[in-house]
Amino acid sequence: MADIADEQQHQAPSIDVTGSEAVSQVLCDLLNTFSGLPRGKSVQFSTLSAKGGIGLFPAAGAVIQSTQKDITGHVVQRCIYPFSVIYRLSPRTDAQRMRAKELLDAMGLWLERQPVVINSQTVQLSAYPELYSGNRVIDSISRTSPAFCNSATQDGAEDWLIAGQLVYVNEFDL
Amino acid sequence: MPDTNTVTAPAAKLARKYYAHFLDASFGGSSVNYVRLGKDLEEYNEELNPEVDTAENILGEMSVNHKGYKPQSEVSPYYVYEDDPLCEKLWEIINERKTADGCMTTKVDVLLDSTGTVEWAYREDVLVVPTSAGGDTSGVQIPFTIYSVGNRVAGSFNISTKTFTPASSTSSTP
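All values derive from a computational prediction rather than experimental measurement. (Residues numbered from 1 in each chain as written. Chains lettered and ligands numbered in written order. Predicted model: local features only at pLDDT ≥ 70, side-chain atom pairs only at ≥ 80, totals over all residues. Heavy atoms only, no water.)

(A) Examining the overall build of chain A more closely. Within chain A, the secondary structure is distributed over 3 helices and 9 strands. Expressed as a percentage of its 174 residues, the buried residues of chain A come to 42%. Partitioning the contacts of chain A with sequence separation of at least 6, the portion at a separation of at least 24 is 62%. Treating the 13 positive side-chain charges of chain A as one cloud and the 18 negative ones as another, the clouds have centres 13 Å apart. (Helix = DSSP H or I, 4+ residues; strand = E, 2+ residues; numbered from the N terminus. Buried < 20%, exposed > 50% of the residue type's maximum accessible area, 1.4 Å probe, protein only. Contact = heavy atoms within 4.5 Å. Lys, Arg positive; Asp, Glu negative; His and termini not counted. Charge placed at Lys NZ, Arg CZ, Asp CG, Glu CD.)

(B) Expanded view of the overall build of chain B. Scanning chain B for helices and strands turns up 1 helix and 10 strands. In sequence order, chain B lays out its α and β elements as β-β-β-β-β-β-α-β-β-β-β. Radius of gyration (C-alpha) of chain B: 21 Å, far over the 16 Å computed for a compact globule of 174 residues. Taking the principal axes of its C-alpha atoms as reference, chain B extends roughly 70 × 55 × 55 Å. Within chain B, buried positions represent 29% of all 174 residues. (Rg over C-alpha atoms; globule rule 2.2 N^0.38 Å.)

(C) Main features of the interface of chain A and chain B. In this complex, chain A contributes 7 residues to the contact, which on the side of chain B involves 12 residues. Where chain A abuts chain B, roughly 770 Å² becomes buried across the two surfaces, and 56% of that area is made up of carbon and sulfur atoms. When the buried surface of chain A facing chain B is broken down by residue, Asp70, Ile71 and Thr72 of chain A rank first, second and third, together holding 71% of it. Summed over the shared surface of chain A and chain B, the number is 0 salt bridges. (Buried area = accessible area lost by both parts, 1.4 Å probe. Salt bridge = Lys/Arg side-chain N within 4 Å of Asp/Glu carboxyl O.)

(D) Broad picture of the pattern of salt bridges. All names here are of chain B. Here the structure, examined in full by the defined rule, presents 16 salt bridges over all chains. A salt bridge links Lys98 to Glu92, with the shortest nitrogen-to-oxygen separation between them at 2.7 Å. The salt bridge partner of Glu96 is Lys98, with a shortest N-O separation of 3.9 Å. With relative accessibility at 52%, the residue Glu96 sits in the exposed group.

(E) Local environment of the side chain of Gln77 of chain A. Mapped onto the fold, Gln77 of chain A is located in strand S4 (residues 74-89). For Gln77 of chain A, a relative accessible area of 11% translates into the label buried.

(F) How the structure looks around the pairing of strand S10 (residues 163-166) of chain B. Residues and elements named next belong to chain B. Examined bridge by bridge, strand S9 (residues 144-158) and S10 share 4 bridges and lie antiparallel to one another. Across the sheet, residue Ser156 finds its bridge partner in S10, namely Thr165. Hairpin connection, S9 to S10: the antiparallel pair is bridged by 4 residues, and Lys162 has positive phi, about 55°. (Pairing = 2+ DSSP bridges.)

(G) Expanded view of the confidence of the model for chain A. All names here are of chain A. On average, chain A scores 90 in pLDDT, and the residues at 70 or more come to 93%. Element-level mean pLDDT values for chain A span from 46 in helix H1 (residues 2-9) up to 96 in strand S7 (residues 136-143). This stretch, residues 1-9, has a pLDDT under 50; its non-local contacts, to residues over four places away or in other chains, come to 0 contacts. (pLDDT = per-residue confidence, 0-100.)

(H) Inspection of helix H1 (residues 85-95) of chain B at higher detail. All names here are of chain B. For H1, the complete set of buried residues consists of Leu86, Cys87, Leu90, Ile93 and Ile94. The buried residues of H1 occupy an angular sector of 120° when projected down its axis, which confines them to one face. Looking at H1, the residues exposed on the side facing more than 90 degrees away from the buried face are Glu88 and Asn95. On its buried face, H1 is in contact with strand S1 (19-24), strand S2 (34-36), strand S8 (118-130) and S9. Positive phi shows up at Arg97, right after H1, with a value of about 50°. (Arc of directions from axis to C-beta.)

(I) Examining a negative patch on the surface more closely. Among the surface-exposed residues, Glu42, Glu43, Glu47 and Glu74 of chain B lie close enough to one another that they form a single negatively charged patch. Checked against the element boundaries, Glu42 of chain B lands in the loop between S2 and strand S3 (46-47). (Patch = residues over 30% accessible without salt bridge, like charges linked within 9 Å, V, L, I, M, F, W, Y side chains within 5 Å. Areas by Shrake-Rupley, 256 points an atom, 1.4 Å probe, with all protein chains shown as cover.)

(J) Summary view of the environment of Thr99 of chain B. All names here are of chain B. Relative to the assigned elements, Thr99 resides in the loop between H1 and strand S7 (104-112). The exposed category is assigned to Thr99, whose relative accessible area is 59%. In this structure the C-alpha to C-alpha distance between Thr99 and Val128, which are 29 residues apart in sequence, comes to 9.4 Å.

(K) Highlighting the packing of aromatic side chains. With the rule as written, the count across this model stands at 7 aromatic pairs over all chains. Note on Phe34 of chain A and Trp110 of chain A: the rings are 5.2 Å apart at their centroids and 45° apart in plane angle, and the pair reads as tilted. Placement of the pair is Phe34 of chain A in the loop between helix H2 (17-31) and strand S1 (43-45) and Trp110 of chain A in helix H3 (residues 94-111), with a sequence separation of 76 residues. Relative accessible area serves as the criterion here: at 3%, Phe34 of chain A is assigned to the buried category. Ring centres 6.5 Å apart and planes at 35° place the aromatic pair Tyr81 of chain A and Phe83 of chain A in the tilted group. As far as burial versus exposure is concerned, Tyr81 of chain A and Phe83 of chain A are alike and both buried. Joined through ring pairs, the aromatic side chains of Tyr19, Trp120 and Tyr122 of chain B make up one cluster. The ring of Tyr128 of chain A is capped by Arg113 of chain A, whose NZ or CZ atom sits 5.7 Å from the centre of that ring. For Lys39 of chain B, the ring lying beneath its charged end belongs to Tyr81 of chain B, and the centroid distance is 4.8 Å. (Phe/Tyr/Trp six-rings, centres within 6.5 Å; stacked < 30°, edge-to-face > 60°. Lys NZ or Arg CZ within 6 Å of the ring centre and 35° of its normal.)

This is the structure in structure tokens:
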């Protein structure tokens, strides 16, 4: 009995591949609507140039956290899509570092649909975008870390990172 | 000699979705409106509550007196959805504190085979009594109990039109 319990505990998590693809595109598009982005900069998907930029990096695809099936055969899956947003820059002053951190923290607040002040204006994400993939609906986006300096190179480039997770629900009938 | 290499596939369990339960949301209204129970319900049982008395005489003989059943079932959780006719009736019962005939309706239990064909259907008079209203942050809930009153009749059930036709329903002109 203990062997079966151990096996269940160590089973590889299931991945919602179709959901992962849909979320990657939608989340990247959503981030590019954030009014706090520096002028001329856009969020790229899973890429950063050596000199600088902002990139969205998914961690592992959308993991199916739970599956509930009711007596009519209707299935509700709760899926988690962990991701990071990395802001690469070559700051010369602490003020520039602070601005990078504040930008990412503000982005995280905005993704959580909290009000955030950008250029003296309060902005708030009114609703999450549709996923256009089956019956998948975004439930929440939340930060799992504050913004921090993840790495620094000898030539002065620094990667500031904020981690988050997007939770969505997928429903279908068996 | 029997063929020892023949392997017979074991019989498959019938999926829970093939035993369906419907409540008439009109509660005795002019137009019967059967709605299926089961959304958000991972488990639903009709507890038969059999009444059985056993006695042993001085000769060591057992006698069993089976008087009948007192069936009832719990529907919990039951989440409120917009435009759900059953929810509208439950709100009416709760808000007007209805009792007795105000809570009477009919329930149809249907067994289908794995092809979706109705094998049998029974309709019974029931009393629907909400047990609470409110719930946690997952959504507004009105769990209720269904008490069987009797008058159980066999018949046929059209899954598409959700229409029950009693088996003894033959036109008889005096």
